[in-house]
Amino acid sequence: MEAREVLDTEAARTLVSAIGQLSAPSEVEAFLTDLCTPREIEDLSQRLEVAQLLDAGKPYLSVQEQTGASSTTVSRVSKCLNYGRGGVERARPPIQMAT
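Residues numbered from 1 in each chain as written. Predicted model: local features only at pLDDT ≥ 70, side-chain atom pairs only at ≥ 80, totals over all residues. Heavy atoms only, no water.

> Which residues make up the packing of helix α4 (residues 38-55) against helix α6 (residues 71-83), and what values do they have?
Between α4 and α6, the shortest axis-to-axis distance is 9 Å and the interhelical angle comes to 65 degrees. You can see that α4 and α6 cross each other, and the crossing is right-handed. Counted together, Q46, R47, V50, A51, L54 and D55 of α4 and T73, V74, V77, S78 and L81 of α6 form the full contact between these two elements. Classifying every residue of the contact of α4 with α6 by side-chain character gives six nonpolar, three polar and two charged. (Axes fitted to C-alpha atoms, helices over the stretch in contact; angles between N-to-C directions. Helix = DSSP H or I, 4+ residues; strand = E, 2+ residues; numbered from the N terminus. Left-handed = near helix turned anticlockwise from the far one by under 90°. Contact = heavy atoms within 4.5 Å. Nonpolar A, V, L, I, M, F, W, Y, C, P; charged D, E, K, R; others polar.)

> Explain the layout of surface pockets to me, using residue names and the numbers behind them.
Space inside the largest pocket adds up to approximately 2400 Å³. If you go around the largest pocket, you meet 47 residues; those closest to its centre are L44, L48, G87, V88 and A91. (1 Å grid on protein atoms, 1.4 Å probe; cavity = no way out; pocket = protein on both sides within 12 Å on 5 of 7 lines; lining within 4 Å. Points joined across faces, edges and corners; volume = space filled by probe spheres on them.)

> How would you sum up the nonpolar core? Please name residues and give values.
Counting residues in hydrophobic clusters, the biggest one holds eight residues: V50, A51, L53, L54, V63, A69, V74 and V77. Mapped onto this core, the elements with two or more residues apiece are α4 and α6. Among the elements that make up this core, the one with the highest residue count is α4 (four residues). Not counting residues within four places of it along the chain, the set of residues in contact with L54 comprises Y60, V63, V74, V77, S78 and L81. (Core = buried A, V, L, I, M, F, W, Y, C linked by side-chain atoms within 4.5 Å. Buried < 20%, exposed > 50% of the residue type's maximum accessible area, 1.4 Å probe, protein only.)

See below:
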């Protein structure tokens, strides 16, 4: 199933609405720890780190080595940055990446 199809479900719309109601990092942290497994949080965190590094112009291989992400993950994140809906860019997390 494509992401767009998943987001069109009532359950996904409820999730999006719930996330939209969170206004502080501590609320997001509590939400994630209540709803997600540690592995799911790690995966999301890794994808965000990959996105930040790619956005900073780092080459794929360097991103793989620095994050431990697979080439498939790096490629998928790159595709989202290039052809996605701009969600990662709009989030602009205030994280200083080590170079």
